[in-house]
Amino acid sequence: AQKVTQAQTEISVVEKEDVTLDCVYETRDTTYYLFWYKQPPSGELVFLIRRNSFDEQNEISGRYSWNFQKSTSSFNFTITASQVVDSAVYFCALSSSIQGAQKLVFGQGTRLTINP
Amino acid sequence: ETGVTQTPRHLVMGMTNKKSLKCEQHLGHNAMYWYKQSAKKPLELMFVYSLEERVENNSVPSRFSPECPNSSHLFLHLHTLQPEDSALYLCASSHWLAGVTDTQYFGPGTRLTVL
């Protein structure tokens, strides 16, 4: 069965600190996709990144970076120089193909609080 | 309107009421999803529609009834709900093509409270 584990339930840091959110996944699929979503207090899940299982290159987008390591089944997310606006719940998700569509298996989420 | 919209944003209903949640996507996608987000559980997939056909029903109680009249609209009809059904209900859409995994884009959700 597919599973995503985000062991950190809550993280609180002071503004400008770097913070890493961990994500570990389990799957028997040889081809799969991993995602990160951000959920601010408004409730909407905002897409951040999609990575396929064949692409292990790290990715950087501004202050955000992602480290995908297939050997340890991890897809960690780092925010550099955190800001108060980064406060949200962050979800890691794993895709699974079903007939005619796909589904996402989500981790429990990590609530990130950035204090001024 | 852009992206995925959901109405109403907030809903309070009694256990004997009948109500419907509406989702509309403006992204040209052909697959739509309902998720439930409870306080103590991870996001749970409820239903999936692809090309207006239901392709997944994750053992959801029959008091939840989905409807997908076309590729842009998705409804969740609610009747005789229980207090434990109180949750945030999220709609998502994506493009689906055989062998291709596309990103799901989410609406803002409907916060449902069952009294």
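Notes on the structure in this doc start here. (Residues numbered from 1 in each chain as written. Chains lettered and ligands numbered in written order. Predicted model: local features only at pLDDT ≥ 70, side-chain atom pairs only at ≥ 80, totals over all residues. Heavy atoms only, no water.)

## Thoughts on the overall build of chain A
Working step 1: Scanning chain A for helices and strands turns up 0 helices and 12 strands.
Working step 2: Counted from the first residue to the last, chain A has its helices and strands arranged as β-β-β-β-β-β-β-β-β-β-β-β.
Working step 3: For 116 residues, the compact-globule formula gives about 13 Å, and the C-alpha radius of gyration of chain A, at 14 Å, lands near that figure.
Working step 4: Principal-axis analysis of the C-alpha atoms gives chain A an extent of 45 × 30 × 25 Å.
Working step 5: Of the roughly 5,700 Å² of accessible surface on chain A, a fraction of 46% belongs to carbon and sulfur atoms. (Helix = DSSP H or I, 4+ residues; strand = E, 2+ residues; numbered from the N terminus. Rg over C-alpha atoms; globule rule 2.2 N^0.38 Å. Areas by Shrake-Rupley, 256 points an atom, 1.4 Å probe, with all protein chains shown as cover.)

## Details of the pairing of strand β8 (residues 64-69) of chain A
Working step 1: Sheet topology note: the strand β7 (residues 59-61) of chain A/β8(A) ladder contains 3 bridges and is antiparallel. Residue pairing in the sheet places A:S61 in a bridge with A:Y64 of β8(A). (Pairing = 2+ DSSP bridges.)

## Remarks on the interface of chain B and chain A
Working step 1: Counting from both sides, the interface comprises 25 residues of chain B and, opposite them, 23 residues of chain A.
Working step 2: Each partner contributes to the roughly 1,900 Å² buried at the junction of chain B and chain A, and carbon and sulfur atoms together form 53% of this total.
Working step 3: Contact with chain A buries area across many residues of chain B, yet B:L43, B:T101 and B:F106 alone supply 30% of it, more than any other trio.
Working step 4: Across the contact surface, chain B and chain A share 1 salt bridge.
Working step 5: Notably, a salt bridge pairs B:D102 with A:R50, separated by 3.6 Å at the nearest N-O pair. (Contact = heavy atoms within 4.5 Å. Buried area = accessible area lost by both parts, 1.4 Å probe. Salt bridge = Lys/Arg side-chain N within 4 Å of Asp/Glu carboxyl O.)

## Some remarks on the side chain of B:R63
Residues and elements named next belong to chain B.
Working step 1: Counting through the fold element by element, R63 comes out in the loop between β6 (53-57) and β7 (64-70).
Working step 2: At 2.7 Å, the side chain of R63 and the side chain of D85 are in polar contact.
Working step 3: R63 has contacts with H77, L78, H79, T80, L81, Q82 and D85, leaving out every residue within four places of it along the chain. (Polar contact = N/O pair within 3.5 Å; in protein donor to acceptor, adjacent residues only side chain to side chain.)

## Digging into the packing of aromatic side chains
Working step 1: Counting across every chain of the model gives 20 aromatic pairs over all chains.
Working step 2: The interplanar angle of 90° and the centroid separation of 5.2 Å between the aromatic rings of A:Y64 and A:F77 together place this pair among those described as edge-to-face. Of this pair, A:Y64 sits in strand β8 while A:F77 sits in strand β9 (residues 74-79), placing them 13 residues apart in sequence. Like A:F77, A:Y64 is buried.
Working step 3: Put simply, the rings of A:F35, A:Y37, A:F47, A:F91, A:F106, B:Y33, B:Y35, B:Y105 and B:F106 touch in pairs and so form one group of aromatic residues. (Phe/Tyr/Trp six-rings, centres within 6.5 Å; stacked < 30°, edge-to-face > 60°. Buried < 20%, exposed > 50% of the residue type's maximum accessible area, 1.4 Å probe, protein only.)

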